[in-house]
Amino acid sequence: MECFSEINTNPSFVDEEGRQRILPQHDFTSASAADIHKKSQIFYNVDPSHVRNQTGNFRKAMAQHEKNKKEKVQKLEAQLIKEIILDVSKDLNCVSSKDTQFLVGVDSCIRELELLLCLESIDVRMVEIWGMGGIGKTTLAKAIYERISHKSEGSCFLADVGLDLARKYEDYWKQQLLSRVLKVNNIEVTTISLKTKLHSKKVLIVIDNVNNRSILKTLMDDSSWFGTQSRIIRTTRDKQFLTMYGVNVVYKVHKLQDDKAIEVFNRYAFRNDPPPMDVMNLIPHVIAHAQGLPLALEVLGSSLCKKSKDEWMCALDKLMSLATRQAVNLSASSYYVPDSSSMQYLNYGAAVSEVEVNLLTGQTTILQSDIIYDCGQSLNPAVDLGQIEGAFVQGIGFFMLEEYLSNSDGLVIPEGTWTYKIPTVDTIQRQFNVEIMNSGHHKKRLLSSKASGEPPLLLAVSVHCATRAAIREARKQLLRWKGLNESDSTFQLEVPATMPVVKKLCGLENVEIYLQSLLS
């Protein structure tokens, strides 16, 4: 009997016609692993010369065996290569990226996030990373993504979704999500396809810069869309998104403490070299200006690198212009859409104003303003009346008087009321009528009341609109004097509509033309 080994669990033999036969199954429960996975092919009723010379049916059987063995080796090689690539990619993914390896304190933040993500739990878990702009939310999200993405069956990092939302069509982000998770291009997606293709997969998804609820509605309306042990991470600076669409826990990114802030700043300002003695006493001032924000520390440090003490002093005086050159966003924004239950708490009001414009000087006199304002169920009508009138007068200052002038360094020029005009007794309209409208009881408002201290400020735009209408009529008259078409009186009235602005549009020049028209 001649035999050779082959990986299989079912023993077989080759008969005299060269056909392979499978022997009946036996109970292998008591056998060892080696016994189960090893079998021998037994050649029964075969001429020994065929084995010795490898001819006849034995030759055919041997050739077939070699072919099968070669195919299995090729399959094993391909599988082995895949496993090697997977192991290497896992090792690479565990290494910090270039963007995150220098982030001070990132390791402790990642450990905290890993605890919040509960990676061993089988449920779908959503974690929100929240903090102000420039504090490092995106960098931290990238770090945790690269640390744990190899543990999922599919992963996707959607960067700065909020910024590109207006420029992308709604299905764009669905396509990006599916194609990156499934590693398939040109995939056609719908909300149903998102559910069906992802609900059985363990995925890791990061959605960066969430600033609109439509993002969440489009990409993660329900945690049931994703398979068990899936993890969803979102970053946002808006508090209103913290509890939307199944968020389990919120991780707040804190500002850097002074010691960590100095470490970050020195890394960019001195490239980890010892700071020069002449600027040592200036470092605390820079740290104080940065307020513990990593982005601000990076920008300031890079800008002051290899600069002299005098340049440091100058830079500290020009932080605003420096931030502008580095495209640092110094603003804070939020977008809120009230739901149907809170619509009745929106403030309603209407105002009509009548003005008189002096064409010679550009001075605007407010003859009368009439206001009707909804205070809900007023707690104290006298207080609400004073609040409405005061806010309206403040609005007059905003729309008509208070010009914010600055020099080339961004510093405010006016130092007092001699150059910065605020509303005075002469500014107040000659007749001021205010009516409070009572919209009745509402269970979701505090004692059914409504705010009256700030919203009426916007009603003062009626004075600006009235001034614009007066200028338009003056310009039409000017065109008639010149014998031109009155419809060509297009102009733009800036805010604030100060006397010089009004005068330039319909002032002294118009009067001179009018006098010339009389003489002619």
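This is a predicted model, so every value here is computed, not measured.

Enquirer: An account of the overall build of the chain is requested, with residue identities and associated values reported.
Expert: Of the regular secondary structure elements, the chain holds 18 helices and twelve strands. When each of the 520 residues of the chain is scored for burial, the buried share is 34%. By sequence separation, contacts in the chain at least 24 residues apart represent 72% of the contacts at least 6 residues apart. Total accessible area on the chain is roughly 31,600 Å²; 54% of this is exposed by carbon and sulfur atoms.

Enquirer: Hey, could you go over helix 5 (residues 137–148) for me, with residue numbers and the actual values?
Expert: Here helix 5 is twelve residues long and its end C-alpha atoms lie 17 Å apart, about the 16 Å a rise of 1.5 Å per residue gives. Along helix 5, the positions that sit buried rather than exposed are Lys137, Leu140, Ala141, Ala143, Ile144, Tyr145 and Ile148. Where helix 5 is buried, its residues touch helix 4 (106–117), strand 5 (125–130), strand 6 (154–158), strand 7 (203–207), strand 8 (231–236) and strand 9 (249–252).

Enquirer: I'd like a description of the sheet that holds strand 7, backed by residues and values.
Expert: Taken in spatial order, the five strands make up an open sheet running 6-7-8-5-9, and their pairing is parallel. Of all strands in the sheet, those with a lone pairing partner are strand 6 and strand 9, marking the two edges. Neighbour to neighbour, the strand axes of the sheet diverge by 15° on average, direction disregarded. Looking at chain direction, strand 7 and strand 8 are connected through four bridges and run parallel. Note on strand 8: the bridge partner recorded for valine 206 is isoleucine 233. Across the sheet, helix 4 lies against strand 5, strand 8 and strand 9, angled at about 145° from strand 5, the strand it touches most. The strands touched by helix 5 are strand 5, strand 6, strand 7, strand 8 and strand 9; relative to strand 6, the strand with the most contacts, the crossing angle is about 165°.

Enquirer: Could you give an account of the layout of surface pockets, naming the residues involved and the relevant values?
Expert: When its volume is computed, the second largest pocket comes out at roughly 630 Å³. Every residue lining the second largest pocket is counted, 24 residues in all, and those nearest its centre are Gln363, Leu401, Lys421, Thr427 and Met499. Of all the elements in the fold, those that place two or more residues in the lining of the second largest pocket are strand 11 (364–374), helix 15 (381–401) and helix 17 (499–506).

Enquirer: Could you give an account of the environment of leucine 304, naming the residues involved and the relevant values?
Expert: Of note, leucine 304 is situated in helix 12 (residues 294–304). Between the alpha carbons of leucine 304 and phenylalanine 270 there is a distance of 8.7 Å; along the sequence they are 34 residues apart. Not counting residues up to four positions away in its chain, the partners in contact with leucine 304 are Phe265, Val286, Trp312 and Ala315.

Enquirer: So what about helix 10 (residues 258–269)? Which residues, and what values?
Expert: Between its terminal C-alpha atoms helix 10 stretches 16 Å, which fits the 16 Å expected from twelve residues at 1.5 Å a residue. Where helix 10 terminates, the next one or two residues include arginine 271, which has phi positive at roughly 55°.

Enquirer: Hey, could you go over the nonpolar core for me, with residue numbers and the actual values?
Expert: Ranked by size, the top nonpolar core spans 24 residues in total, and within it Ile371, Phe392, Ile396, Val463 and Ile471 carry the most contacts. Within the residue set of this core, elements represented by two or more residues are strand 10 (349–357), strand 11, helix 15, helix 16 (461–482) and helix 17. When residues in this core are grouped by element, the largest group, five residues, is from helix 15. Among all residues touching isoleucine 371, those that are not within four sequence positions of it are Ala350, Ala351, Ile388, Phe392, Phe432, Asn433, Val434, Glu435 and Leu459. Ranked by size, the runner-up nonpolar core spans 22 residues in total, among them Met126, Leu177, Leu219 and Trp225.

Enquirer: Describe in detail the pattern of salt bridges, supporting the description with residues and values.
Expert: Opposite charge on two side chains allows them to pair when their charged atoms are near. Applying the stated rule across the entire model yields five salt bridges. The shortest N-O distance in the salt bridge between arginine 231 and aspartate 123 comes to 4.0 Å. In this pair, arginine 231 sits in strand 8 while aspartate 123 sits in the loop between helix 4 and strand 5, placing the two residues 108 residues apart along the sequence.

Enquirer: Account for the packing of aromatic side chains, naming residues and giving values.
Expert: Enumeration over the complete set of coordinates arrives at six aromatic pairs. Ring centres of phenylalanine 265 and tryptophan 312 lie 5.8 Å apart, and the angle between their planes is 90°; this geometry places the pair in the edge-to-face category. Residue phenylalanine 265 is found in helix 10, and its partner tryptophan 312 is found in helix 13 (residues 309–316); the two are separated by 47 residues along the sequence. Tryptophan 312 matches phenylalanine 265 in its accessibility class, with the two residues each being buried. A ring pair is formed by phenylalanine 270 and tryptophan 312, whose centres lie 5.9 Å apart and whose planes are at 15°; its orientation type is stacked. With phenylalanine 270 in the loop between helix 10 and helix 11 (283–290) and tryptophan 312 in helix 13, the pair connects residues that are 42 residues apart, well separated along the chain. The buried category is assigned to tryptophan 312, whose relative accessible area is 1%. Aromatic rings pair up to connect Phe265, Phe270 and Trp312 into one cluster.

Enquirer: A description of the sheet that holds strand 12 (residues 431–437) should follow, citing residues and the corresponding values.
Expert: Read across the open sheet, the three strands follow the order 10-11-12; overall the sheet is mixed. Strand pairing shows two members of the sheet lacking a second neighbour, strand 10 and strand 12, which therefore form its edges. Put simply, the sheet's adjacent strands are angled 10° from each other on average, direction ignored. In this sheet, strand 11 lies alongside strand 10 in antiparallel orientation, the contact comprising nine bridges. Bridging across to strand 11, serine 353 finds its partner in serine 369. Helix-sheet contacts for helix 15 involve strand 10, strand 11 and strand 12, and the interaxial angle to strand 12 is about 130°.

Enquirer: Explain the packing of helix 11 against helix 12 to me, and be specific about the residues and the numbers.
Expert: Axis separation between helix 11 and helix 12 bottoms out at 9 Å; the angle between their running directions is 145°. Crossing of helix 11 over helix 12 shows right-handed handedness. Note on element contacts: helix 12 touches helix 11 through Ala296, Leu297, Leu300 and Leu304, opposite Val286, Ile287 and Ala290. Here the residues of the contact of helix 11 with helix 12 sort into seven nonpolar, no polar and no charged.

Enquirer: Please give an account of unusual backbone geometry that cites residues and values.
Expert: In this structure, the amide linkage connecting valine 495 to the following residue, proline 496, adopts the cis form with an omega of 0°. Along the chain, proline 496 falls in the loop between helix 16 and helix 17. For aspartate 160, which is not glycine, the phi torsion reads 50° and is therefore positive. Along the chain, aspartate 160 falls in the loop between strand 6 and helix 6 (161–164). On the accessibility criterion, aspartate 160 (26% relative accessible area) is partly exposed.

The rules we used
- Residues numbered from 1 in each chain as written.
- Predicted model: local features only at pLDDT ≥ 70, side-chain atom pairs only at ≥ 80, totals over all residues.
- Heavy atoms only, no water.
- Helix = DSSP H or I, 4+ residues; strand = E, 2+ residues; numbered from the N terminus.
- Buried < 20%, exposed > 50% of the residue type's maximum accessible area, 1.4 Å probe, protein only.
- Contact = heavy atoms within 4.5 Å.
- Areas by Shrake-Rupley, 256 points an atom, 1.4 Å probe, with all protein chains shown as cover.
- Expected span 1.5 Å × (residues − 1).
- Pairing = 2+ DSSP bridges.
- Axes fitted to C-alpha atoms, helices over the stretch in contact; angles between N-to-C directions.
- 1 Å grid on protein atoms, 1.4 Å probe; cavity = no way out; pocket = protein on both sides within 12 Å on 5 of 7 lines; lining within 4 Å.
- Points joined across faces, edges and corners; volume = space filled by probe spheres on them.
- Core = buried A, V, L, I, M, F, W, Y, C linked by side-chain atoms within 4.5 Å.
- Salt bridge = Lys/Arg side-chain N within 4 Å of Asp/Glu carboxyl O.
- Phe/Tyr/Trp six-rings, centres within 6.5 Å; stacked < 30°, edge-to-face > 60°.
- Left-handed = near helix turned anticlockwise from the far one by under 90°.
- Nonpolar A, V, L, I, M, F, W, Y, C, P; charged D, E, K, R; others polar.

Honestly, that's just the spatial picture; any functional story needs more than this.
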